[in-house]
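Overview (structure and organization)
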Amino acid sequence: LTFLAEWGDRSQIATISLAAHQNPMGVILGACVGHTICTSMAVFGGEWLGKRISSRVVACGGGFLFLIFALINFFSSSSLGSGEIVVDTAAVAASVMEGTPDA
């Protein structure tokens, strides 16, 4: 399920491109090591934060962000015909999570 949800993200496309131009076995090994490091940091970081922040605060914060994104999406989609700039909240959220400033 995660594979289908992440299909076509930038890191996967970059890995495919790299495998087309470099040694595929080295790319596989590098991708596995990189994913392991990234996942390990997320697990240990989550454990560290979990000891300091209650799950109620995380749930309320997530709910608040969800409502903010919903309001942004509602107001930007209702003004599509007025020539205003439409904020793609999914792209903004993805770029924030990836740390890239392109959205």
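Residues numbered from 1 in each chain as written. Predicted model: local features only at pLDDT ≥ 70, side-chain atom pairs only at ≥ 80, totals over all residues. Heavy atoms only, no water.

1. Some points on the overall build of the chain
- Across its full length, the chain holds five helices and zero strands.
- Mapped from its N terminus to its C terminus, the chain presents α and β elements in the order α-α-α-α-α.
- Summed over its atoms, the accessible surface of the chain is roughly 8500 Å², and 73% of this surface lies on carbon and sulfur atoms. (Helix = DSSP H or I, 4+ residues; strand = E, 2+ residues; numbered from the N terminus. Areas by Shrake-Rupley, 256 points an atom, 1.4 Å probe, with all protein chains shown as cover.)

2. Some remarks on the pattern of salt bridges
- This structure, assessed with the given rule, holds one salt bridge.
- As a salt-bridge pair, lysine 51 and glutamate 47 come within 3.8 Å of each other at their nearest N and O atoms. In this pair, lysine 51 and glutamate 47 are both assigned in helix α3 (residues 24–52), four residues apart and thus about one turn of the helix distant. (Salt bridge = Lys/Arg side-chain N within 4 Å of Asp/Glu carboxyl O.)

3. Some thoughts on the packing of helix α2 (residues 10–21) against α3
- Two elements in contact, α2 and α3, have axes whose closest approach is 8 Å; the angle formed by their N-to-C orientations is 150°. Relative to α3, α2 is oriented roughly antiparallel. Two secondary-structure elements touch here, α2 through Thr15, Leu18 and Ala19 and α3 through Pro24, Val27 and Ala31.
- Its residues placed into classes, the contact of α2 with α3 shows five nonpolar, one polar and no charged. (Axes fitted to C-alpha atoms, helices over the stretch in contact; angles between N-to-C directions. Parallel < 35°, antiparallel > 145°, perpendicular 65-115°, else oblique. Contact = heavy atoms within 4.5 Å. Nonpolar A, V, L, I, M, F, W, Y, C, P; charged D, E, K, R; others polar.)

4. As for α3
- Between the first and last C-alpha of α3 there are 42 Å, a value that for 29 residues agrees with the 42 Å anticipated at 1.5 Å per step.
- Between a side-chain oxygen at the N-terminus of α3 and the backbone nitrogen of methionine 25 the separation is 3.2 Å; the capping residue is asparagine 23. (Expected span 1.5 Å × (residues − 1). Polar contact = N/O pair within 3.5 Å; in protein donor to acceptor, adjacent residues only side chain to side chain.)

5. Observations regarding the side chain of serine 76
- Within the secondary structure, serine 76 is located in helix α4 (residues 55–78).
- Overall, the relative accessible area of 9% leaves serine 76 in the buried class.
- One polar contact links the side chain of serine 76 to the main-chain carbonyl oxygen of asparagine 73, over a distance of 3.2 Å. (Buried < 20%, exposed > 50% of the residue type's maximum accessible area, 1.4 Å probe, protein only.)

6. As for the packing of aromatic side chains
- For the structure on display, the rule yields one aromatic pair.
- Ring geometry for phenylalanine 74 against phenylalanine 75: centres 5.2 Å apart, planes inclined by 75°, an arrangement best described as edge-to-face. (Phe/Tyr/Trp six-rings, centres within 6.5 Å; stacked < 30°, edge-to-face > 60°.)

7. Notes on the confidence of the model for the chain
- Summarising the model, the chain shows a mean pLDDT of 79, and 68% of its residues fall at 70 or more.
- No element of the chain has a lower mean pLDDT than helix α5 (residues 89–98), which averages 61, and none a higher one than α3, which averages 91. (pLDDT = per-residue confidence, 0-100.)

8. As for a nonpolar patch on the surface
- Taken together, Phe64, Leu65, Ile68, Phe69, Leu71, Ile72, Phe74 and Phe75 make up a surface patch of nonpolar side chains, about 760 Å² in accessible area.
- Along the polypeptide, phenylalanine 74 turns up in helix α4. (Patch = residues over 30% accessible without salt bridge, like charges linked within 9 Å, V, L, I, M, F, W, Y side chains within 5 Å.)

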